[in-house]
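Summary of the model geometry
Okay, here's what each chain looks like letter by letter:
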Amino acid sequence: MSEPTSAIESVLVENRVFPPSEDTVKNARIAGMQAYEALCAEAEKDFEGFWARLARENLQWSRPFTQTLDESNAPFYKWFADGELNASANCLDRHIGTPVENKTAIIFEADDGAVTQVTYKELLARVGQFANALKARGVQKGDRVLIYMPMTIEGVVAMQACARIGATHSVVFGGFSAKALHERTIDAGAVAIITANYQLRGGKELPLKSIVDEALAMGGCDSVKTVLVYERTASAWNRVEGRDVTFTEALAGQSTECAPVPVGAEHPLFILYTSGSTGKPKGVQHSTGGYTLWARQTMLWTFDLQPSDVFWCTADIGWITGHTYVAYGPLAAGATQVVFEGVPTFPHAGRFWEMIERHKVSIFYTAPTAIRSLIKAADSDEKVHPKNWNLTSLRVLGSVGEPINPEAWMWYYRNVGGERCPIVDTFWQTENGGHVITPLPGATPLVPGSCTLPLPGIKAAIVDETGKDLPNGAGGMLVIKRPWPSMIRTIWGDPERFKKSYFPEEMGGTIYLAGDGAVRSEDRGYFRITGRIDDVLNVSGHRMGTMEIESALVAKTDLVAEAAVVGRPDDLTGEAIVAFVVLKRPVPTGEEAKQLANELRNWVAKEIGPIAKPKDIRFGENLPKTRSGKIMRRLLRSLAKGEAITQDTSTLENPTILDQLAKTN
Ligand code: PRX
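Residues numbered from 1 in each chain as written. Predicted model: local features only at pLDDT ≥ 70, side-chain atom pairs only at ≥ 80, totals over all residues. Heavy atoms only, no water.

**Considerations on the overall build of the protein chain**
When helices and strands are counted, the protein chain shows 19 helices and 30 strands. Taking 665 residues into account, the globule formula puts the C-alpha radius of gyration at 26 Å, and the protein chain, at 25 Å, falls close to it. For the protein chain, the C-alpha atoms occupy an extent of roughly 75 × 65 × 60 Å along the three principal directions. Sorting the 665 residues of the protein chain into buried and exposed places 61% on the buried side. For the protein chain, the proportion of contacts with a sequence separation of at least 24, taken over those separated by at least 6, is 70%. (Helix = DSSP H or I, 4+ residues; strand = E, 2+ residues; numbered from the N terminus. Rg over C-alpha atoms; globule rule 2.2 N^0.38 Å. Buried < 20%, exposed > 50% of the residue type's maximum accessible area, 1.4 Å probe, protein only. Contact = heavy atoms within 4.5 Å.)

**Considerations on the UniProt feature "binding site: ATP" (unreviewed entry) in the protein chain**
If you check UniProt for "binding site: ATP" (unreviewed entry), the listed places come out as Gly401, Glu402, Pro403, Asp425, Thr426, Phe427, Trp428, Gln429, Thr430, Asp516, Arg532 and Arg543 in our numbering. With respect to the helices, strands and loops of the structure, aspartate 425 is situated in strand E20 (residues 423-426). Residue classification places aspartate 425 among the buried residues on the basis of a relative accessible area of 6%. As for its position among the elements, phenylalanine 427 is in the loop between E20 and strand E21 (460-463). If we skip the residues at most four places from it in the chain, phenylalanine 427 touches Asn432, His435, Val436, Ile437, Cys451, Leu478, Asp516 and Ile529. (UniProt positions renumbered as here; feature names shortened; annotations may be inferred.)

**Thoughts on the pattern of salt bridges**
Counted according to the given criterion, the structure contains 42 salt bridges. Residue glutamate 419 is joined to arginine 414 by a salt bridge in which the shortest nitrogen-to-oxygen separation is 3.7 Å. Judged by relative accessible area, which is 37%, glutamate 419 ranks as partly exposed. (Salt bridge = Lys/Arg side-chain N within 4 Å of Asp/Glu carboxyl O.)

**Some details on the site of the ligand**
Surrounding the ligand, one finds 17 residues, the nearest of these being Thr426, Thr430, Asp516, Arg532 and Arg543. Glycine 401 has a polar backbone atom sitting 3.2 Å from an oxygen atom of the ligand. A distance of 3.0 Å separates an oxygen atom of the ligand from a polar side-chain atom of glutamine 429. In the complex, the protein chains occlude 95% of the 540 Å² of accessible area that the ligand would expose alone. Listed by contribution, the elements that provide at least two residues to the shell around the ligand are helix H11 (320-332), E20 and strand E25 (527-532). Taken together, the residues of the shell around the ligand sort by class into 6 nonpolar, 6 polar and 5 charged. (Near = heavy atom within 4 Å. Polar contact = N/O pair within 3.5 Å; in protein donor to acceptor, adjacent residues only side chain to side chain. Areas by Shrake-Rupley, 256 points an atom, 1.4 Å probe, with all protein chains shown as cover. Nonpolar A, V, L, I, M, F, W, Y, C, P; charged D, E, K, R; others polar.)

**Observations concerning the domain arrangement of the protein chain**
Per the domain assignment, the segments making up the protein chain are domain 1 (22-343 + 427-515) and domain 2 (540-662). Distance between the C-alpha centres of domain 1 and domain 2: 34 Å. In this complex, domain 1 contributes 18 residues to the contact, which on the side of domain 2 involves 14 residues. Both faces considered, domain 1 and domain 2 share a buried interface measuring about 1200 Å² in area, 45% of it formed by carbon and sulfur atoms. Viewed at the interface, domain 2 and domain 1 are joined by 3 salt bridges. A salt bridge links glutamate 431 to arginine 543; the shortest N-O distance between them is 2.9 Å. The tally of links between domain 1 and domain 2 comes to 10 residue pairs in polar contact (both at pLDDT 80 or more). Among the residues making up the side of domain 1 that touches domain 2, the classes are represented as 4 nonpolar, 10 polar and 4 charged. (Domains from an automatic or database assignment. Buried area = accessible area lost by both parts, 1.4 Å probe.)

**Regarding the packing of helix H13 (residues 368-380) against helix H14 (residues 406-416)**
The N-to-C vectors of H13 and H14 enclose an angle of 70 degrees; their axes lie 10 Å apart at closest approach. By the angle between their directions, the pair H13 and H14 is classed as roughly perpendicular. Note on packing geometry: the crossing formed by H13 with H14 is left-handed. When H13 is examined against H14, the residues Ile371, Arg372, Leu374, Ile375 and Ala378 are found in contact with a partner set consisting of Ala408, Trp411 and Tyr412. Tallied by class, residues from the contact of H13 with H14 come to 7 nonpolar, no polar and 1 charged. (Axes fitted to C-alpha atoms, helices over the stretch in contact; angles between N-to-C directions. Parallel < 35°, antiparallel > 145°, perpendicular 65-115°, else oblique. Left-handed = near helix turned anticlockwise from the far one by under 90°.)

**Thoughts on H13**
Between its terminal C-alpha atoms H13 stretches 19 Å, which fits the 18 Å expected from 13 residues at 1.5 Å a residue. When we look at burial in H13, the residues that qualify are Pro368, Thr369, Ala370, Ile371, Arg372, Leu374, Ile375, Ala377 and Ala378. (Expected span 1.5 Å × (residues − 1).)

**Some remarks on unusual backbone geometry**
For the bond running from alanine 74 to proline 75, omega is 5 degrees, close enough to zero to count as cis. The omega angle of the peptide bond from phenylalanine 346 to proline 347 is -5 degrees, so this bond is cis rather than trans. Of note in this structure, serine 540 is not a glycine but carries a positive phi near 55 degrees. Considering the arrangement of structural elements, one finds serine 540 in the loop between strand E26 (536-539) and strand E27 (542-545).

**Brief notes about the confidence of the model for the protein chain**
In the predicted model, the protein chain carries a mean pLDDT of 95, and the fraction of residues at 70 or more is 98%. Under a pLDDT of 50 for its full length, residues 1-12 has, in the predicted model, 29 contacts with residues more than four places off or in other chains. In the model output, the complex is listed with pTM 0.95 alongside ipTM 1.00. (pLDDT = per-residue confidence, 0-100.)

**A word on the packing of helix H6 (residues 153-165) against H11**
One way to put it is that H6 packs onto H11 with a least axis distance of 11 Å and a crossing angle of 65 degrees. Of the two elements, H6 crosses H11, and the hand of that crossing is right-handed. Contacts between H6 and H11 involve Val156, Met159, Gln160 and Ala163 from the first element and His323, Val326, Ala327, Tyr328 and Leu331 from the second. Looking at the contact of H6 with H11, its residues break down into 7 nonpolar, 2 polar and no charged.

**Remarks on helix H8 (residues 209-217)**
Listed in full, the buried residues belonging to H8 are Lys209, Ile211, Val212, Asp213, Ala215 and Leu216. Summarising the contacts, the buried residues of H8 are in contact with strand E6 (144-148), helix H7 (178-188), strand E8 (192-196), strand E10 (204-207), strand E11 (226-230) and strand E12 (244-246). Immediately downstream of H8, the backbone of glycine 219 shows phi near 95 degrees, a positive value.

**With respect to the environment of threonine 298**
Along the chain, threonine 298 turns up in helix H10 (residues 289-302). Judged by its relative accessible area of 0%, threonine 298 is buried. For the pair formed by threonine 298 and isoleucine 458, sequence separation is 160 residues and the distance between their alpha carbons is 12 Å. If sequence neighbours within four positions are ignored, threonine 298 has contacts with Phe303, Tyr325, His435 and Leu455. Among the polar contacts made by the side chain of threonine 298, one reaches the side chain of tyrosine 325 at a distance of 2.7 Å.

Here it is as structure tokens:
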């Protein structure tokens, strides 16, 4: 990268611009802004032709498609609908007989530092064998399979094996509770659950299988016939006869060859649950054709993937980033990738930098929260500062999941990227399938804190409530005006909610509403995401619905009468959860308040998972409400931030509750 054109260290208005170096441009897949603009122009001129070309170039079709986009039942868009393919074949079989077959597909580093590698050929054999084991247990095309696994090669194999036989997987992050797992198992109607006895994180052994048992014991999960257990550790676990089978038992005698089952392009590859505005998570359904196309294409465009790269995305397979940029994208693109089981701070907070050096990582993709926590660690302990490791293998850096503040961007750029590596600040969502707004390493001049411009073919815009375009500089709602192949197809089992959540009638019912606020810069038209405009929080890059946490709190019926949850900005986690709680007893103070707050935090961890624990719990005898009984959330947001109340509070029944709710416990 060349020198910034302006070196003003401003946080409020970002003036620094970092154009790509000549060298980066020269060797890039999309070389320079003209190349980017040419692709945009191609999509503009012949939208369907553009996507059809990419679908043919990126994917191997067992039956070619003849129709590109079917908008007849909008917003239930169909892409490449009469074509047939298999996602696993497009990640593995495609490389057999090419120089990639003996290339390392995955470098796995375990929590304890042990390293295992598999080549593409070996991975294909393992996926084939696992697919045969699933078939032997009666799993068929169209069935749903829940995956509750640690970050391991086995986790990726499980996902690929489902795809291979046309079963739809639904991965549940290993940090979610039994209750969350239960809810998802029932909603998806899963026939099997793939799990491990334990997971290893930060030197600790954490249970998975016993949580599956607990979830299934909650009842209503009769559809589940099999639980496959990967014995990650030697520790004992409880076996339910007739239902549970170990990986070793299931794989014994199974052939490593399993022909991939061709499925229609619209066949659901997976369902991934995410938080929305209500208490019930949404099962985001993705397709096989459009999704796999974008997983591969964005690997090539956004990361400028070259054959010699070593790619490392630190996301867990339980999130969309781990689906697209661990389980599918890197494999479809024939990359060598690092898969990491552990956490960035164990055994020390230099683990990421040490691993980049050890595995010669050239493309590194992580979340702002991780960067911020590692900045903090390096500030307090020189020994874990990235300067202690050789990071010269790096050439592209990425950021995902939440806005990256310019300070963190600059630190990442200087201390990790050596002022040499472009940072791609990729904006996208579970519903998008892959990147939608992002810089391109060899083209886009970078502005810290901005995700810059939409990828070719993505018609992103900023509009008002009626769908009218807003000029640069005016904040509004982020929308995508035309469908794109990797977009969400529906909410599993709830098409009405799909329409209502993403395609507002006031905007005509066919435009995708992202749920984020955004603004475009006056000079370049660059997008900057200003945060969610709905009741969704983003804590450490994890999406949480305020209603979900409220429902969990009021489920503690012996203690809680009412609860309201809001977010407040947090230097480390982006946003922090603040809960305002009315108890079925007098407002506690002092030690009692602290103890009750802790009890509620642990309760939420049990109901949803530790990531949903409120950082701050406040007690009051009531919540601030309007005369019609509506909770004044704006007031709560001010209280959460510790701001002085400037809103009109004359309608409050009891203004003294504001003083109560202002106190943290
Ligand atoms: O608010 C945006 C934020 O994360 C939300 C999507 O969360 P999820 O579906 O869990 O997917 C995260 C990983 C793709 C968005 O609505 N978000 C994601 N990336 C960015 C971002 N906010 C700002 N900048 C980003 N690069």
